[in-house]
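Residue-level structure breakdown
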Amino acid sequence: MPTTLESSRSKILIVDDSAFEQRMLADLLSELPYKVSVAFNGLQGYQLALANRPDLILLDVRMPNMDGYTACRLLKANPVTQDIPVIFLSGADADDDRILGLSIGGVDYVSKPFSPGELAARIQVHLNLARRQQQAPASAPEDEQQLEAESEPDAVLVNAVKRLISDNLAALPGLAEIARSVGTYREKLSQVFREQTGMTVFGFIREERIRRGEELLRDTDIDVQDIALLIGFNNAGNFATAFRERMGVTPTAYRQAIHHKKHG
């Protein structure tokens, strides 16, 4: 039977392929009131997070089999693990690396070598923030069957891909790269996506581009040409053709109708 002290200790999961880094982090954290577990790559880390529900994850970026970014995308796409704070620890300190880590759901990005005192302080800050969020009044409890369905591996994969597409409409990579970014391969992704959504990945991309275009036409004054580029079309003509096929009117006519409705 765990003591009150043991049960109140926060659980930290370290995901790093270097045994040396793992030991160093474990030694640092063992002096603090934390229970520590370790994983050697992103996939193992993701599976351990599902099984153990840690309070915070320290996630290396460059690892074999599955890197930290891929693991983070899966963690954030799964309702069971999406609220666990992820701090990236990486020797890669380029702005692009930091921006990517934060944009896919990391709460912090700490460069190696780091100051042990600063890392400990950041961990404590994010644990406190997560605790406050948990104590905030929750919205209607999610139906357990729905939660179970959303955390099925295929559903998580599709959810991760949808988020990746939505966040990168202006410059989407090819299908093989999208699949790699969520830890799978092109053929498997195509099959799972069709089974889960009833459409192809490219079909979803088309729908998402039109949906986002509609949103920007309705809620902003951004020029049609700029909207086209923002959502991944080469020019306003291509956007207008695709938009008219889907919505029955051109982007300009759609915007004028919305404007007329608001001010007419």
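Refer to the structure presented above.
**What to know about the sheet that holds strand β1 (residues 10-15)**
Pairing within the open sheet is parallel, and its five strands lie in the order β2-β1-β3-β4-β5. Two strands lie at the open edges of the sheet, namely β2 (34-39) and β5 (108-111), each paired on one side alone. The sheet shows a mean angle of 20° between the axes of neighbouring strands, direction not considered. Sheet analysis places β1 next to β2, joined by six bridges and oriented parallel.

**A short note on unusual backbone geometry**
Between Lys 112 and the following residue, Pro 113, the backbone shows a cis peptide bond with an omega angle of -5°. Along the chain, Pro 113 turns up in the loop between β5 and α6 (116-135). At Arg 53, a position not held by glycine, the phi torsion is positive, near 45°. Mapped onto the elements of the fold, Arg 53 is located in the loop between α3 (42-52) and β3 (56-60). A relative accessible area of 47% means that Arg 53 is categorised as partly exposed. Within the chain, Asn 65 stands out as a residue other than glycine whose phi angle is a positive 70°.

**Quick notes on the pattern of salt bridges**
All told, the structure shown has 13 salt bridges when counted by the stated rule. A salt bridge links Asp 16 to Lys 112; the shortest N-O distance between them is 3.0 Å. Taken together, the positions of Asp 16 in the loop between β1 and α2 (19-30) and Lys 112 in the loop between β5 and α6 put the pair 96 residues apart, joining distant regions of the chain. With relative accessibility at 18%, the residue Lys 112 sits in the buried group. Lys 112 is paired through a salt bridge with Asp 60; the nearest N and O atoms lie 3.3 Å apart. A residue pair is termed long-range when its members are at least 10 positions apart, and Lys 112 in the loop between β5 and α6 and Asp 60 in strand β3 qualify at 52 residues. Of the two residues, Lys 112 and Asp 60, both sit in the buried class. Beyond isolated ion pairs, a larger network of salt bridges with shared partners links Asp 16, Glu 21, Asp 60 and Lys 112.

**A short note on the environment of Leu 29**
Relative to the assigned elements, Leu 29 resides in helix α2. Overall, Leu 29 belongs to the buried group, its relative accessible area being 0%. In the structure, Leu 29 is positioned 98 residues away from Leu 127 in sequence and 14 Å away in space, judged by C-alpha atoms. Once residues lying within four places of it in the same chain are set aside, the contact partners of Leu 29 are Ile 12, Ile 14, Tyr 34, Val 36, Leu 58 and Ile 123.

**A look at the side chain of Asn 78**
Turning to its location among the elements, Asn 78 is positioned in the loop between α4 (68-77) and β4 (86-90). Asn 78 sits in the buried class, given a relative accessible area of 0%. Those residues in contact with Asn 78 that lie beyond four places of it in its chain are Tyr 46, Leu 50, Ser 151 and Val 156.

About the thresholds
Residues numbered from 1 in each chain as written. Predicted model: local features only at pLDDT ≥ 70, side-chain atom pairs only at ≥ 80, totals over all residues. Heavy atoms only, no water. Pairing = 2+ DSSP bridges. Helix = DSSP H or I, 4+ residues; strand = E, 2+ residues; numbered from the N terminus. Axes fitted to C-alpha atoms, helices over the stretch in contact; angles between N-to-C directions. Buried < 20%, exposed > 50% of the residue type's maximum accessible area, 1.4 Å probe, protein only. Salt bridge = Lys/Arg side-chain N within 4 Å of Asp/Glu carboxyl O. Contact = heavy atoms within 4.5 Å.

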